[in-house]
Amino acid sequence: MELQQMRYVVAVAETGGFTRAAERCHVAQSALSHQIARLEKELGARLFHRTSRSVRLTAAGEAFVPAARQALEAAERARAEVEAAVGEVRGRLAVGAISTVAAVDLARELGAYRARYPQVRISLRTEMSEQLIDQVRQGSLDIAFVGLVPGARSPGVRERVLAHGELVAVVPPDHPLAGREWTDLRRLAEETFVDFTAGSAARRQRDEAFRAAGLTTEVAFEVTTVEFLAKLVRAGLGIGMVPLAFAAELTGLSVVRVPDAPARVERVVWSARGPSPAAAAFLDALGVDPSEPDPGPAVRGPDPDPVVRRPDPGSAVRGT
């Protein structure tokens, strides 16, 4: 059994076809198919059901792929550890982030990192917190920046709190709340909401606050990105709630603070097995020491709203 054969199997599983897998691996399809056939013969089991229309994993394939990913990750990690031991940081840095990350200027940090470590292959993926944490747990991501409700914990990964923040209401400019400095959850509960998908961490941040206040809300539009949320709110289809630190980036909307607003915690998570050399170098650039216990919401770099401060009704918070 060879690592290259494992790479081919994982590529087919992830792309859903032999042609696309061969393109990803930069080999001829015939060569890829031949190597997978050799591996199946060695294992004594078929890894894929093949038809003229689809390719899907067999039960044996479902068992093989996670172990193959771990073996490939271990091989990559071993190479990176050797390179780090002789003073070089190489390998990959696979980063995941929610679209509303605000605790760090991720574009700036990744740019500075690339300038310092040009031999590292950097990638970035934007998804919901749950998916990102799961991908860190599985090893397909090295680091992820997520937003969770206070007190939430993620088994199978290590984490560090970067910032605490609050959610604010965003409304279209012609909305009755536009221009108001503040409102409360009871008033917001009268509105139709544009929100993230049910069950997501982003949705729970809002749901739990309204539930604790004994209120229910109507969510007519469910989205997966804050950009689409903002677009629907601008169209007058509902109101939304987004992190205060991110709200200023949403042009064409009015921002209203909420004294009893839902809270959220931004965290960076990495593998429970410890970060790779490339990931450790990135954490170091953020001022995070993975060997130390979590000290709280301290991080180098931009931190526009590090602590939730509940304004009183007389506080001045201008809409945008």
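For the structure itself, consult the block above.
Residues numbered from 1 in each chain as written. Predicted model: local features only at pLDDT ≥ 70, side-chain atom pairs only at ≥ 80, totals over all residues. Heavy atoms only, no water.

Looking at this structure, I do not really get the packing of helix α2 (residues 18–25) against helix α3 (residues 29–43). What am I missing?
The geometry of a pair of packed helices is captured by two quantities: the angle between their axes and the separation between those axes. Running from N to C, α2 and α3 point in directions that differ by 105°, and their axes come no closer than 9 Å. Relative to α3, the element α2 lies roughly perpendicular. Where α2 approaches α3, its residues Phe 18, Thr 19, Ala 21 and Ala 22 are matched on the opposing element by Gln 29, Leu 32, Ser 33 and Ile 36. (Axes fitted to C-alpha atoms, helices over the stretch in contact; angles between N-to-C directions. Helix = DSSP H or I, 4+ residues; strand = E, 2+ residues; numbered from the N terminus. Parallel < 35°, antiparallel > 145°, perpendicular 65-115°, else oblique. Contact = heavy atoms within 4.5 Å.)

Would you mind showing me how to read the nonpolar core here?
One broad trend across soluble globular proteins is that nonpolar side chains are buried collectively. One finds Leu 93, Tyr 113, Ile 143, Phe 145 and Phe 282 to be the most contacted residues of the largest nonpolar core, which totals 36 residues. Among the elements of the structure, β3 (91–97), α5 (106–116), α6 (129–138), β5 (143–148), β6 (157–171), β11 (263–271) and α11 (277–285) are those that each provide at least two residues to this core. Formed by 19 residues, the second largest nonpolar core is a distinct cluster that contains Met 6, Leu 39, Phe 64 and Leu 72. (Core = buried A, V, L, I, M, F, W, Y, C linked by side-chain atoms within 4.5 Å. Buried < 20%, exposed > 50% of the residue type's maximum accessible area, 1.4 Å probe, protein only.)

Which parts of the structure should I look at to understand the side chain of Arg 206?
You can see Arg 206 is positioned in helix α8 (residues 201–212). Arg 206 sits in the buried class, given a relative accessible area of 1%. Those residues in contact with Arg 206, other than ones at most four positions away along the chain, are Leu 167, Phe 193, Asp 195, Thr 217, Val 219, Met 241 and Pro 262.

Got a minute to help me understand the side chain of Gln 5 in this structure?
With respect to the element layout, Gln 5 can be found in helix α1 (residues 3–15). Non-local contacts of Gln 5, meaning those with residues more than four positions away in its chain, are made with Gln 35, Arg 38, Leu 39 and Glu 42.

Even after reading the chapter, I still don't get α5, so can you show me in this structure?
Because each turn of an α-helix spans 3.6 residues, side chains separated by three or four positions end up pointing in the same direction. Inspection of α5 places Leu 106, Glu 109, Leu 110 and Tyr 113 among the buried residues, and these make up the whole buried set. The arc that holds every buried residue of α5, seen down its axis, measures 95°, which confines them to one face. What points out from α5, more than 90 degrees from its buried face, is the exposed set Ala 107 and Ala 115. Buried residues belonging to α5 abut β3, β4 (120–126), β5 and α11. (Arc of directions from axis to C-beta.)

Could you clarify how one ought to interpret the pairing of β5 in this entry?
Put simply, side chains in a regular strand alternate between the two faces of the sheet. The element β5 is largely enclosed, with a buried count of six among its six residues. Residues Ile 143, Phe 145 and Gly 147 point to one face of β5 and Ala 144, Val 146 and Leu 148 to the other, with burial holding for every one of them. Relative to β5, β3 is paired through three bridges, and the arrangement is parallel. Within the sheet, the bridge partner assigned to Gly 96 lies in β5 and is Ala 144. Strand direction decides the pairing type here: β5 and β11, joined by six bridges, are antiparallel. Looking across to β11, one finds that Ala 144 is bridged to Val 269. (Pairing = 2+ DSSP bridges.)

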